[in-house]
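Overview (structure and organization)
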Amino acid sequence: IDLGTTYSCVSYVDEFGKPVIVTNADSELTTPSVVFFESPDNIIVGKEAKNSSKVYPDRVATFIKREMGNNEYTYEVDGKHYKPEQVSSYILRKLVADAMQSVGEITDVVITCPAYFGISEREATKNAGMLAGLEVHHVLNEPTAAAIYYGVDKTKDGEVVLVYDLGGGTFDVSILEIGD
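The notes below deal with the structure included here. (Residues numbered from 1 in each chain as written. Predicted model: local features only at pLDDT ≥ 70, side-chain atom pairs only at ≥ 80, totals over all residues. Heavy atoms only, no water.)

**Focus on the side chain of S89**
How we decide: Numbered from the N terminus, helices here are DSSP runs of H or I no shorter than four residues, and strands are runs of E no shorter than two. Whether two residues touch is decided by their heavy atoms; if any such pair falls within 4.5 Å, the residues are in contact.
Structurally, S89 is set in helix α2 (residues 84–103). Among all residues touching S89, those that are not within four sequence positions of it are A128, L131 and A132.

Right under this line is the structure:
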């Protein structure tokens, strides 16, 4: 799962060993990382939430990834306070629910994060996954995930790869050496 600042997506490795991006309920490859707290009983994630931000800006959480690991930050709506990992868990639930329509049951995941994320941000990301009911096996650097995708069938041992990660909230450049 790429839990992004502005957009998120899910992929899996198919029976041929190839990574495949799963479309969401809107038949799109990415889902806006936006949460609309319409009411205490109705929390909406994705495209509809993003569209609602124009009308209800005080009820829509955006760019929550920027606060991951910040124990001082809470998003408040209707007098209730949400930690960044709680808000992110709603995004993860939506992503997984949509993906399960195509690929079946999903319980075990790897979630990507920016290369600069420290221990607290990674732990908050893992906690978001657990709050979403997922078994998070690893929180993987986004550039590493890109290099794995690139190198899954193209690279030779010892090849050096330059990876640009131009995301909605970050721009990372990493140099990786592919090997066993």
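Picking up where we left off.
**Thoughts on unusual backbone geometry**
Operational definition: Only protein chains enter the accessibility calculation, which uses a 1.4 Å probe; a residue is then buried when its area is under 20% of its type maximum, exposed when over 50%, and partly exposed in between.
In this model, S27 sits at a positive phi of 60 degrees, which is unusual for a non-glycine residue. Note on placement: S27 falls in the loop between β3 (19–22) and β4 (31–32). S27 sits in the exposed class, given a relative accessible area of 61%.

**Quick look at the sheet that holds strand β7 (residues 60–61)**
Put simply, the rule reads: Whether two strands pair comes down to DSSP finding at least two bridges between them. Note on geometry: axes are lines fitted to C-alpha atoms, helical ones only across the stretch in contact, with angles between N-to-C directions running from 0 to 180 degrees.
Spatial ordering of the open sheet is given by β6-β5-β7, a layout of three strands whose pairing is antiparallel. The open sheet has two free edges, formed respectively by β6 (42–45) and β7, since each of these has just one partner strand. Pairing of strand β5 (residues 35–39) with β7, which is carried by two bridges, proceeds in the antiparallel orientation. Residue pairing in the sheet places V35 in a bridge with A61 of β7. In the packing of α2 onto the sheet, contacts are made with β5, β6 and β7, and the angle to β5 comes to roughly 100 degrees.

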